[in-house]
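Residue-level structural notes
Okay, here's what each chain looks like letter by letter:
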Amino acid sequence: MTIPPPRSPGDPATWRPATQAVRGGLERGPHGETSEAIFLNSGFTYDSAEIAEGRFTGDAPGHVYSRYSNPNLSMFETRMALLEGSEAARATGSGMAAVTASLLALLRAGDHVVAARALFGSCRWVIEHFLPRFGVESTLVDGADPRAWEMAVRKNSRAFFLETPANPTLAIVDIPAIAKIARAAGAKLIVDNVFATPIFQKPLLLGADIVVYSATKHIDGQGRVLGGVICGSQQFIDGDLKDICRHTGPALSPFSAWILAKGLETLDLRVRRQSETAALLADLLADAPGIARVFYPGRTDHPGHAIARAQMSGFSNLIAFRMKGGKAAAFAFLNALGIVDISNNLGDSRSLATHPATTTHRNMSPGARAEIGVSEDLIRLSVGLEDPADLAADMNAALGVAGG
Ligand SMILES: Cc1ncc(COP(=O)(O)O)c(C=O)c1O
């Protein structure tokens with residue numbers, strides 16, 4: 001029997017995103033396993049002291065310790081980089097570890113950050129309260145106003161940070177416009193792309209330098225593990241960031257990396273279906289008498305709709321809405337939901353709703369919350385994979401109880 005040469009799948013960089021999300025980075029072992037094997041080990045062994053030395057100097061290929069790298073982390077990172085269109089990626093133990101490590105890699109004492117005001121509560125805390133401990137100042141601006149970004153620039157501005165759509169109000173920031181200002185200022189633009197997902201928005205193609213994710217959200221998408229990932233140039237990922245991740249230890253567990261790589265395989269299907277349902281529910285909510293305002297970037301009444309249309313290929317599975325009856329009505333609505341769970345997580349296959357002012361954004365002052373539209377009557381809904389008709393019935397029943 002003649003054994004033919006190994007089959008070649010071609011260059012993964014030329015595959016379309018759905019193929020990259022299923023097959024990118026797959027490294028099969030000697031057993032030819034269909035699914036990725038799990039490498040649940042902290043350390044690695046070497047056939048000789050010379051090989052150990054070579055692995056540490058980087059002259060011999062291979063892993064040395066799972067805080068540094070691991071086959072499951074590499075598979076997840078390669079798959080993410082392909083999907084994001086970045087040269088490289090670095091996985092972390094949570095989304096906040098990804099946000100913090102990317103800022104720390106760019107900044108030094110005496111530097112300045114410009115960031116959008118409308119950010120997830122912990123991202124705001126890192127920028128407003130944590131970075132100043134190390135001599136880094138910041139200016140928070142209205143993300144939707146390019147002029148405000150321009151005005152905030154100082155000689156020492158080294159990083160710009162934004163989320164679009166933002167958590168929880170789905171405020172939209174014009175990525176190409178802000179990327180241009182960052183470039184002129186000599187600063188790197190970091191985009192937290194959690195709400196958009198890599199399926200609907202590619203910040204690097206729009207001019208951003210670095211993209212960060214809480215992989216806990218849509219990438220896992222089934223409420224199982226925490227994780228984060230940073231995508232950017234090889235130079236950035238292998239520069240200070242690599243040393244920071246290796247030596248301060250925000251490592252992702254190999255098991256979680258395996259879960260997240262499997263999550264990517266169904267990401268495209270999940271977020272498209274969830275967003276289709278979200279568009280239906282956003283219209284249902286907008287027509288309900290007890291709702292004061294709906295924020296969904298796919299609707300023409302969203303102030304950022306035109307920019308969202310230009311830079312996103314879909315509009316996310318998240319909806320925010322204000323109840324006419326204030327906090328009491330918002331709580332009554334949440335308590336009356338039968339299918340949708342009350343939870344501060346998002347991007348899950350199960351629909352989840354939360355009251356941001358008392359949960360995800362409760363650490364901000366009432367004034368700071370008011371500035372970004374996190375009012376007492378606001379609810380954030382993350383639409384899942386349940387049947388749209390069941391979700392609509394759940395919404396209608398809860399609106400009936402809450403006075404909507
Ligand atoms: C926009 C955004 N960025 C970052 C994070 C932090 O992610 P993690 O909870 O995985 O640390 C979250 C979490 O809710 C988020 O919504």
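All values reported here derive from a predicted model rather than from experimental measurement. (Residues numbered from 1 in each chain as written. Predicted model: local features only at pLDDT ≥ 70, side-chain atom pairs only at ≥ 80, totals over all residues. Heavy atoms only, no water.)

A few points about the environment of Phe-195
Note that Phe-195 resides in the loop between β5 (188-192) and α8 (197-200). A residue is classified by how much of its surface remains accessible, and Phe-195, at 3% relative accessible area, is buried. Spatially, the C-alpha atoms of Phe-195 and Leu-104 are 23 Å apart, while their sequence positions differ by 91 residues. If we ignore the near neighbours within four places in the chain, the residues touching Phe-195 are Pro-165, Ala-166, Asn-167, Leu-170, His-218, Ser-316, Leu-318, Leu-346 and Arg-380. (Helix = DSSP H or I, 4+ residues; strand = E, 2+ residues; numbered from the N terminus. Buried < 20%, exposed > 50% of the residue type's maximum accessible area, 1.4 Å probe, protein only. Contact = heavy atoms within 4.5 Å.)

Some words on the site of the ligand
Taken together, Ser-94, Gly-95, Met-96, Phe-120, Glu-163, Asn-167, Asp-192, Val-194, Ser-214, Thr-216, Lys-217 and Gly-227 make up the full set of residues adjacent to the ligand. Contact distances for the ligand include 2.8 Å between an oxygen atom and a backbone N or O atom of Gly-95. One of the side-chain nitrogen or oxygen atoms of Asn-167 is found 2.9 Å away from an oxygen atom of the ligand. A total of 390 Å² of accessible area belongs to the ligand in isolation, and the protein chains cover 91% of it. Partitioning the shell around the ligand into residue classes produces three nonpolar, six polar and three charged. (Near = heavy atom within 4 Å. Polar contact = N/O pair within 3.5 Å; in protein donor to acceptor, adjacent residues only side chain to side chain. Areas by Shrake-Rupley, 256 points an atom, 1.4 Å probe, with all protein chains shown as cover. Nonpolar A, V, L, I, M, F, W, Y, C, P; charged D, E, K, R; others polar.)

Notes on the sheet that holds strand β2 (residues 112-116)
The seven strands lie next to each other as β1-β7-β6-β5-β4-β2-β3, forming an open sheet whose pairing is mixed. On the outer flanks of this sheet lie β1 (88-92) and β3 (137-141), each paired with one strand and no other. Within this sheet the neighbouring strands show an average axis-to-axis angle of 20°, counted without direction. In terms of strand pairing, β5 meets strand β6 (residues 210-214) through three bridges, oriented parallel. (Pairing = 2+ DSSP bridges. Axes fitted to C-alpha atoms, helices over the stretch in contact; angles between N-to-C directions.)

Quick look at the packing of helix α13 (residues 326-336) against helix α15 (residues 388-402)
When two helices pack together, their arrangement is given by the angle between the helix axes and by the axis-to-axis distance. Taken N-terminus to C-terminus, the directions of α13 and α15 make an angle of 140°; their axes are 8 Å apart at the nearest point. As judged from the angle between their axes, α13 and α15 are oblique. Like other packed secondary-structure pairs, α13 and α15 cross with a definite hand, here right-handed. Judged by residue contacts, Ala-329, Ala-332, Phe-333 and Ala-336 of α13 engage Met-395, Ala-398, Leu-399, Val-401 and Ala-402 from α15. Per-class residue counts for the contact of α13 with α15 are nine nonpolar, no polar and no charged. (Parallel < 35°, antiparallel > 145°, perpendicular 65-115°, else oblique. Left-handed = near helix turned anticlockwise from the far one by under 90°.)

A word on the pairing of β1
Taken across its five residues, β1 has five buried, putting it largely inside the fold. Neither face of β1 is left uncovered, since the one carrying Ala-88, Arg-90 and Thr-92 and the one carrying Ala-89 and Ala-91 both have all their residues buried. By the bridge criterion, five bridges tie β1 to strand β7 (residues 228-232) in an arrangement that is antiparallel. Opposite Ala-88, over in β7, you have Gly-232 as the bridge partner.

Nothing here speaks to function; it is geometry throughout.
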